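Given next are the chains, with one letter for each unit.
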Amino acid sequence: MENRKKTFVEDIERTLYDIRNEDRSAYKSQAGLTEAVVRDISARKHDPEWMLERRLESLKVYNSLRLPTWGPDLSELNIEEIVTYVQPDAKMAGRWEDVPEDIKSTFDRLGIPEAEKVSLAGVGAQYDSEVVYHSIQDSLIQQGVVYTDMETALREYEPIVKEHFMRLVPPKDHKFAALHGAVWSGGSFVYVPEGVHVDIPLQSYFRLNAAGAGQFEHTLIILEKNSSLHFIEGCSAPKYNVTNLHAGCVELFVGEGARLRYSTIENWSRNMMNLNTKRALVEKDGIIEWVSGSFGSHVSMLYPCSILHGEHARCEFTGVTFASKGQNLDTGASVIHAAPYTSANISTRTISKAGGKATYRSAVKVTPNAHHAKCSVNCESLMLDDISRSDTLPVMDIQGDEADIGHEATIGRISEEAVFYLMSRGISEEEARAMIVRGFVEPIAKELPLEYAVEMNNLINIELEGTMG
Amino acid sequence: MAEKIYSEIPMRTWRWLGVNEARVADAVLAQDIDDVQSLSVAAGESRELTVVYRQEGQGRIDVKVAEGGSLKLTVVQLLPTDKRHASQVAVELARGARLEAVAVEVGAARSVSKMEVLLQGDESRADVHVLYFGNEARQLDMNYVLVQEGRQTEANLNVYGALLGQADKIFRGTLDFRHGSKGSKGYEKEQVMVLSGKVRNRSVPLMLSGEDAVEGHHAVSIGKMDENKLFYLMSRGLDMAEARRLVVEAAFNPVLDRIGDEELYGELDDYIKERLADE
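An unreviewed UniProt entry lists chain B under the name SufD family Fe-S cluster assembly protein, from Anaerovibrio slackiae.

Under an unreviewed UniProt entry, the name given to chain A is Fe-S cluster assembly protein SufB, and the organism recorded is Anaerovibrio slackiae.

Structure follows, in structure tokens:
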């Protein structure tokens, strides 16, 4: 009898992502979150005084807020055990040759330097709490494009950072936004001047190597009038037996007539609490396009928010979430129509299997002045077995009579008729099911950069090997 | 003013949306309109129950339908528009039992209602039709939960609403497929017609599933009145007010037509016409 793969795949094979380096950090903060820890991080990063004040204010807010009363159970997270700042034993380099060998080989395995040669206009690579590599093509520098790490931006573009930093995601927003405000480190800053189109994507990759640590990178992107950019974010970590925490923050300012595509494939290890906050402010005629793939982490709470602030501003959100054994992935999107003639299109697919829990959660809000707002939401959920969960929780809050809002959702499993049909054409059952799943996520895959679409397909292949036996 | 949480959605979400729970003033809860209306429908029996609420307070209906039994339940809330109301309906369906429910919410200054239908038995079926109409500054809060436990159950939730004036409405509708409800189907649809720029409409269609061998679908559409329909009717000689009234009536007919009591039907029809004429 043929060996069934299920018997042998207890956990998902993630060799590529799970290779750990020896922890050779130059410095680690004390575990836990105290004023002394925050002051220490700030001093080590040579923050200006106003940033230290904001960190300390965020700490106060953090201590005053409770955990969310909704969403996945976060009781496993003990902030007293989390090391919030891990400085790798490496200085930021502009050449890969200058990056320490073990760190460089990690990014080599992840394909970042290769992608940089072939298909990217700039790369940022963060390892634990600090960015270790950053580059940008000269032609973009000449056009006034800035792509650098947040610490450099804080020194060289201080007034811009001061004006925008945590303006869209204020620390009072929720407990983990406050945590981020207190201990943030690393991340990327992008500034695209008026009329400049960055034709080739920029990519930042965030790798968390240290066990029991947190990563709190801040991404700030500002697109001036009539400019455009495709920004790609990737993240992964090796698996440990202790909880790691990711509480990053992404703030996107899309100017009048500008267009930003923000693509993410999130593939954190299964011990990660991924409590990330992403928000975009879109001015008149501007467009924000989110492409979001959530595959990793133990618990995720991720709902990119688009504030359509100017007339005719648009949002496109395309997302896929794949929850497997031991995962509780609570993902979705929110859109606030705050101006007339704004429009949004949200399309998501969720898959759950092997006891995984996938939740789609969304909010569509139309303010009273946002007449002629249009929003269409489509959410499809696929369950691959009867021990998993799939929940859909959308909310529409509409004020005014000139809005046109539609929402549709379906839930179900792989059609046995479709499997039978494919098998009758000579395709094995395993292949047939994998084909159907790939077809299910195809609307998302086609929106991803090619190498990410390939990565997503590989992830799905790996995941499905565990289910078809 | 003291108040209590009266109903909650089965799964909470962001607090800023204000949809996680509905509260009712203690003063309203203290006034039981009647004792709990309990009804047991025996195996194989068919029954009808019609309840019309006209006075302030809280109403409660508790029904169990035994194997193969069927119930047609009509619940109408027709309070004066300065009164407050709360009501709850709980229905349990055994194997092969059927429920056809018609719920109409048209009166009261503030109304909070909830209905929980448990499709416990295999092959049980619930068809729930809801109509709500909000005008002036009235507040309507509804929470409908259809839990599918048995195998091959079927739940349909069809909701039609119209909002005008400064009405503020929340409709939560949940299809909950429990583990083991293999072969079950669920369908939920809410259509909201918004007739004024000052209304607030919140729609919360939940779909929860712990079972893969199910088919679930929900859809919500929120928009203003179809201008093509209005244009057509006005081209046939109707004025704007008459055309609007006709379009709203047509939208409500799938629910109103299920009310068997002609007198009640006429009263509701007149009520809605009058309110539309007042706008």
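Past the structure itself, the notes keep going.
## Overview of the overall build of chain B
Broken down by element type, chain B carries four helices and 16 strands. For chain B, the C-alpha atoms occupy an extent of roughly 55 × 45 × 45 Å along the three principal directions. Counting across all 279 residues of chain B, residues that qualify as buried make up 47%. Partitioning the contacts of chain B with sequence separation of at least 6, the portion at a separation of at least 24 is 78%.

## Overview of the overall build of chain A
Assigned secondary structure in chain A consists of 13 helices and 25 strands. In terms of overall dimensions, chain A is globule-like: its C-alpha atoms have a radius of gyration of 22 Å, near the 23 Å expected for 469 residues. Projected onto the principal axes, the alpha-carbon positions of chain A cover approximately 70 × 60 × 45 Å. Taken over 469 residues, chain A has a buried fraction of 56%. Long-range pairs, those at least 24 residues apart, make up 83% of the contacts in chain A with a sequence separation of at least 6.

## Brief notes about the interface of chain A and chain B
Taken together, the contact between chain A and chain B spans 33 residues of the former and 37 residues of the latter. At the level of elements, β22 (357-366), β24 (389-399) and β25 (404-412) of chain A are the ones that each hand at least two residues to the side of chain A that touches chain B. Per-class residue counts for the side of chain A that touches chain B are 13 nonpolar, nine polar and 11 charged. Note: β24 of chain A against strand β15 (residues 200-209) of chain B, seven bridges, orientation antiparallel. Considered in β15 of chain B, the bridge of Gln399 of chain A is made with Arg200 of chain B.

## Description of the UniProt feature "domain: SUF system FeS cluster assembly SufBD N-terminal" (unreviewed entry) in chain A
The UniProt entry lists residues 45-203 of chain A under the feature "domain: SUF system FeS cluster assembly SufBD N-terminal" (unreviewed entry), expressed in the numbering used here. Annotation note: span residues 45-203 of chain A, helix share 38%, strand share 16%, distance between end C-alpha atoms 24 Å.

## Some details on the pairing of strand β7 (residues 84-93) of chain B
Residue and element names in this part refer to chain B. The buried fraction of β7 is high, at seven of 10 residues. Relative to β7, strand β5 (residues 57-65) runs parallel, the two being bridged by nine bridges. Bridge pairing links Val65 to Leu93 in β7.

## Quick look at the nonpolar core
Judged by nonpolar contacts, the single largest core of 212 residues is most densely connected at Val254, Leu260 and Leu308 of chain A together with Leu93, Val117 and Leu146 of chain B. The residue makeup of this core includes at least three contributed by each of domain 1 (17-414) and domain 2 (415-469) of chain A. Excluding residues within four positions of it along the chain, Val117 of chain B makes contact with Val91, Leu93, Leu99, Ala126, Val128, Leu146 and Val147 of chain B. Counting six residues, the second-largest nonpolar core is a separate cluster that includes Ala22, Val24, Ala86 and Val112 of chain B.

## Description of the packing of helix α4 (residues 49-64) of chain A against helix α10 (residues 175-183) of chain A
Residues and elements named next belong to chain A. Where α4 contacts α10, the axes come no closer than 7 Å and their chain directions differ by 150 degrees. Our classification of the angle between α4 and α10 gives roughly antiparallel. The element α4 and its partner α10 pack so that their crossing is left-handed. Here Arg54, Arg55, Ser58, Leu59, Val61 and Tyr62 of α4 lie close against α10, whose contacting residues are Lys175, Ala178, Leu179, Gly181 and Ala182. Split by residue class, the contact of α4 with α10 holds six nonpolar, two polar and three charged.

## Topic: the environment of Tyr53 of chain B
Residue and element names in this part refer to chain B. Note on placement: Tyr53 falls in strand β4 (residues 46-53). On the basis of neighbour count, Tyr53 is assigned to the buried category, with 24 C-beta atoms found within 10 Å. In the structure, Tyr53 is positioned 33 residues away from Ala86 in sequence and 9.8 Å away in space, judged by C-alpha atoms. Beyond its immediate stretch of four places on either side in the chain, Tyr53 contacts Ile33, Gly59, Val76, Gln77, Leu78, Leu79, His85 and Ser87.

## Quick notes on the confidence of the model for chain A
Per-residue pLDDT for chain A has a mean of 89; in total, 94% of the residues score no lower than 70. Low confidence marks residues 1-12 of chain A, where pLDDT is under 50. Its contacts with residues over four positions away, or in another chain, come to 15 contacts.

## Notes on the UniProt feature "domain: SUF system FeS cluster assembly SufBD core" (unreviewed entry) in chain B
UniProt marks residues 39-250 of chain B with the feature "domain: SUF system FeS cluster assembly SufBD core" (unreviewed entry), using the numbering shown here. Along residues 39-250 of chain B the backbone is 9% helical and 60% strand, and the end-to-end C-alpha distance reaches 33 Å.

## Quick look at the environment of Trp50 of chain A
Residue and element names in this part refer to chain A. Relative to the helices and strands, Trp50 is located in helix α4. Using a count of 11 C-beta atoms within 10 Å as the deciding quantity, one classes Trp50 as exposed. Along the chain, Trp50 and Glu76 lie 26 residues apart, while their C-alpha atoms are 34 Å from each other.

## Examining the environment of Ser204 of chain A
Tracing the backbone through its elements, the reader meets Ser204 of chain A in strand β7 (residues 202-207). For the pair Ser204 of chain A and Gly122 of chain A, spaced 82 residues apart in sequence, the C-alpha separation works out to 8.4 Å.

## Topic: unusual backbone geometry
Residue and element names in this part refer to chain A. In the Ramachandran plot, His372 falls in the positive-phi region, its phi being about 60 degrees despite a non-glycine side chain. Inspection of the secondary structure assignment puts His372 in the loop between β22 and β23 (374-383). His372 gets classed as partly exposed once you count the C-beta atoms within 10 Å, which come to 16.

## Some points on the domain arrangement of chain A
Residue and element names in this part refer to chain A. The domain architecture assigned to chain A consists of domain 1 (17-414) and domain 2 (415-469). Inter-centroid distance (C-alpha atoms) of domain 1 to domain 2 is 28 Å. The set of elements that each furnish at least two residues to the side of domain 1 that touches domain 2 consists of β13 (259-267), β16 (287-294), β19 (314-323) and β21 (343-352). A breakdown of the residues in the side of domain 1 that touches domain 2 according to their chemical character gives 13 nonpolar, eight polar and three charged.

What counts and how
- Residues numbered from 1 in each chain as written.
- Chains lettered and ligands numbered in written order.
- Predicted model: local features only at pLDDT ≥ 70, side-chain atom pairs only at ≥ 80, totals over all residues.
- Helix = DSSP H or I, 4+ residues; strand = E, 2+ residues; numbered from the N terminus.
- Buried ≥ 20, exposed ≤ 12 C-beta atoms within 10 Å, placed from the backbone.
- Contact = placed C-beta atoms within 7 Å.
- Rg over C-alpha atoms; globule rule 2.2 N^0.38 Å.
- Nonpolar A, V, L, I, M, F, W, Y, C, P; charged D, E, K, R; others polar.
- Pairing = 2+ DSSP bridges.
- UniProt positions renumbered as here; feature names shortened; annotations may be inferred.
- Core = buried A, V, L, I, M, F, W, Y, C linked by C-beta atoms within 7 Å.
- Domains from an automatic or database assignment.
- Axes fitted to C-alpha atoms, helices over the stretch in contact; angles between N-to-C directions.
- Parallel < 35°, antiparallel > 145°, perpendicular 65-115°, else oblique.
- Left-handed = near helix turned anticlockwise from the far one by under 90°.
- pLDDT = per-residue confidence, 0-100.

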